[in-house]
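The residues making up each chain are set out below.
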Amino acid sequence: MSTLVSISKNGISATINSLGAELITLRRGKNPSIIWSGEEWRCSAPWLFPIVGNLPESCYTYKGNSYEMERHGFARNKAFLVTQQTDSSVSLMLESDSETILTYPFQFRFLVTYSIENEGINISAKIENSGNEDMLFSLGYHPGFVCDQEGELVFGTPPSSYFYGENGFVSFDNNKQRPIKNNLLALDMINFSRGAIYIKNIEKQLIKLKTGGQVIALRVPSCPYLMIWREPGAKFICIEPCFGITEPYVDSQISFENKPGLRELGRGSCFRTEYEINLM
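Residues numbered from 1 in each chain as written. Predicted model: local features only at pLDDT ≥ 70, side-chain atom pairs only at ≥ 80, totals over all residues. Heavy atoms only, no water.

Student: Sorry if this is basic, but what is going on with the overall build of the protein chain here?
Tutor: If you tally the helices and strands in the protein chain, you get 1 helix and 25 strands. Taken over the C-alpha trace, the protein chain has a radius of gyration of 18 Å; the compact-globule value for 280 residues is 19 Å, and the two agree within 12%. Seen through its C-alpha atoms, the protein chain measures out along the principal axes to roughly 55 × 50 × 30 Å. Taken across its 280 residues, the protein chain has 54% of its residues classed as buried. Of the contacts made within the protein chain by residues no fewer than 6 positions apart, 65% connect residues no fewer than 24 positions apart. Within the protein chain, one finds 26 positive and 30 negative side-chain charges whose respective centroids are separated by 6 Å. (Helix = DSSP H or I, 4+ residues; strand = E, 2+ residues; numbered from the N terminus. Rg over C-alpha atoms; globule rule 2.2 N^0.38 Å. Buried < 20%, exposed > 50% of the residue type's maximum accessible area, 1.4 Å probe, protein only. Contact = heavy atoms within 4.5 Å. Lys, Arg positive; Asp, Glu negative; His and termini not counted. Charge placed at Lys NZ, Arg CZ, Asp CG, Glu CD.)

Below you can see the structure in the form of structure tokens.
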């Protein structure tokens, strides 16, 4: 069962759904929310865990056993427990259980905290390995922002290029780089009918989304991949810092240890990251 949690401070308010610990609204005063909630894509800002992207045939093997896992993992469809709440912040947790172990053979705690700060919201995530063996995982954040077709991204530290994916899979080895010039990426120049675009090795920085006379400032962490996606023709854009990646398509199950982009977390260790959204 899902619960909606509202937090606010200094005229900024947000709503979080305990189902998937998903941010579903973020606004200043009575202005419209900048977070997407339309029909073309029936999500707002899902978490991608414990994998990012697709698995060939939605299956993998690990230590001689076969497992099934859907695109982007299961966290977005699981009920998180609200562990702490104030007027301006909320923390939510997902733990491994008898259901998750059937599809992902590791013990974990996944903690998310939303906190209204200054002109927006700080979003922190922590993955804890609560098991007795090293843990393999990927993590991604997939927020969708209301955005017209002519929106543009301005990078504080411009990456050199981006790559197209194909049908949810990407190969950087066999893919032509497209240059990003003058730290600006015009979204109407991207052919999103091909799927998402991928930027490698993004540095921690401020990225400004300019759309419809509004500026949304995104402070993204240093991460190995930044994905940018929209449903063709829809008025939203997803800007996704990810610690994991989908892999080139193959016609057979893969061993989980060989999945590109996985991170290893030792027993008792934790992984932390933050993402910040400001309304300018």
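On we go from here.
Student: What exactly am I supposed to notice about the packing of aromatic side chains here?
Tutor: For any pair of aromatic rings, the description rests on two quantities: the centre-to-centre distance and the angle between the ring planes. What the rule picks out here adds up to 25 aromatic pairs. Considering the side-chain rings of Phe 80 and Phe 110, the 5.5 Å spacing of their centres and the 70° angle between planes classify their relative orientation as edge-to-face. Taken together, the positions of Phe 80 in the loop between strand S6 (65-68) and strand S7 (81-85) and Phe 110 in strand S9 (residues 108-117) put the pair 30 residues apart, joining distant regions of the chain. The exposure class of Phe 80 is buried, given its relative accessible area of 5%. A relative accessible area of 0% places Phe 110 in the buried class. Positioned above the aromatic ring of Tyr 164, the side-chain terminus of Arg 194 is 4.2 Å from the ring centre. (Phe/Tyr/Trp six-rings, centres within 6.5 Å; stacked < 30°, edge-to-face > 60°. Lys NZ or Arg CZ within 6 Å of the ring centre and 35° of its normal.)

Student: Sorry, what's going on with the nonpolar core here?
Tutor: If you look at soluble globular proteins, the nonpolar side chains tend to sit buried side by side. Membership of the largest hydrophobic core comes to 74 residues, with the highest contact counts inside it found for Leu 23, Tyr 104, Phe 110, Tyr 114, Phe 145 and Ile 277. If you tally residues by element for this core, the top one is S9, at 5 residues. The contacts of Ile 277, once residues within four sequence positions are left out, are Leu 23, Leu 26, Ile 34, Gly 120, Ile 121, Ile 123, Phe 145, Ile 216, Ala 217 and Leu 218. Membership of the second largest hydrophobic core comes to 17 residues, among which are Phe 172, Tyr 225, Cys 238 and Cys 242. (Core = buried A, V, L, I, M, F, W, Y, C linked by side-chain atoms within 4.5 Å.)

Student: When you look at the side chain of Asn 54 in this model, what are you seeing that I'm missing?
Tutor: The topology assignment puts Asn 54 in the loop between strand S4 (47-48) and strand S5 (59-62). Residue class for Asn 54 comes out buried when judged on its relative accessible area of 11%. Polar side-chain contacts of Asn 54 include one of 2.7 Å to the side chain of Arg 71. (Polar contact = N/O pair within 3.5 Å; in protein donor to acceptor, adjacent residues only side chain to side chain.)

Student: Please clarify how unusual backbone geometry should be interpreted in this entry.
Tutor: What you tend to see is this: most non-glycine residues have negative phi, and most peptide bonds are trans. The step from Phe 49 to Pro 50 runs through a cis peptide bond, and the omega angle for that step is 5°. Even without glycine at this site, Asn 182 takes up a positive phi of about 55°. Looking at the secondary structure, you find Asn 182 in the loop between strand S16 (178-179) and strand S17 (184-186). Looking at Asn 182, the relative accessible area reads 70%, which means it is exposed. If you check the backbone angles, Asn 183 has positive phi at about 55° while not being a glycine.

Student: Can you help me understand the environment of Ile 245 in this one?
Tutor: Turning to its location among the elements, Ile 245 is positioned in the loop between strand S22 (236-243) and strand S23 (254-255). Using a relative accessible area of 2% as the deciding quantity, one classes Ile 245 as buried. Taking C-alpha positions, Ile 245 is 8.7 Å from Pro 224, a pair spaced 21 residues apart along the chain. Dropping the residues within four chain positions of it, Ile 245 is found in contact with Val 52, Val 170, Phe 172, Tyr 198, Tyr 225, Met 227, Lys 259, Pro 260 and Gly 261.

Student: Sorry if this is basic, but what is going on with the sheet that holds strand S2 (residues 12-17) here?
Tutor: Strand pairs in the sheet, formed through backbone hydrogen bonds, run parallel or antiparallel to each other. The strand order S1-S2-S3 describes an open sheet built from 3 strands, whose pairing is antiparallel. The strands lining the two open edges of the sheet, one partner per strand, are strand S1 (4-9) and strand S3 (22-28). Looking at each pair of strands side by side, their axes are set apart by 15° on average, direction ignored. Strand direction decides the pairing type here: S2 and S3, joined by 6 bridges, are antiparallel. Looking across to S3, one finds that Ile 16 is bridged to Leu 23. (Pairing = 2+ DSSP bridges. Axes fitted to C-alpha atoms, helices over the stretch in contact; angles between N-to-C directions.)

Student: Quick question: what am I supposed to make of the pairing of strand S18 (residues 197-202) here?
Tutor: Two faces, one strand: in a regular strand the side chains alternate between the faces of the sheet. Sheet analysis places strand S15 (residues 161-164) next to S18, joined by 2 bridges and oriented antiparallel. Within the sheet, the bridge partner assigned to Phe 163 lies in S18 and is Tyr 198. With 5 bridges connecting them, S18 and strand S21 (residues 223-229) associate as antiparallel partners. The residue bridging Ile 197 from the neighbouring strand is Ile 228, located in S21.

Student: Would you mind showing me how to read the sheet that holds strand S20 (residues 214-220) here?
Tutor: On the basis of which strands lie adjacent, the open sheet formed by 9 strands has the order S7-S8-S9-S10-S25-S20-S19-S14-S17 and antiparallel pairing. Each edge of the sheet is formed by a strand with only one pairing partner; in this case those strands are S7 and S17. Across this sheet, the average inter-strand angle for adjacent strands is 20°, counted without regard to direction. Pairing of strand S14 (residues 152-155) with strand S19 (residues 205-211), which is carried by 4 bridges, proceeds in the antiparallel orientation. Bridge assignment links Phe 155 to a residue of S19, and that residue is Ile 207.

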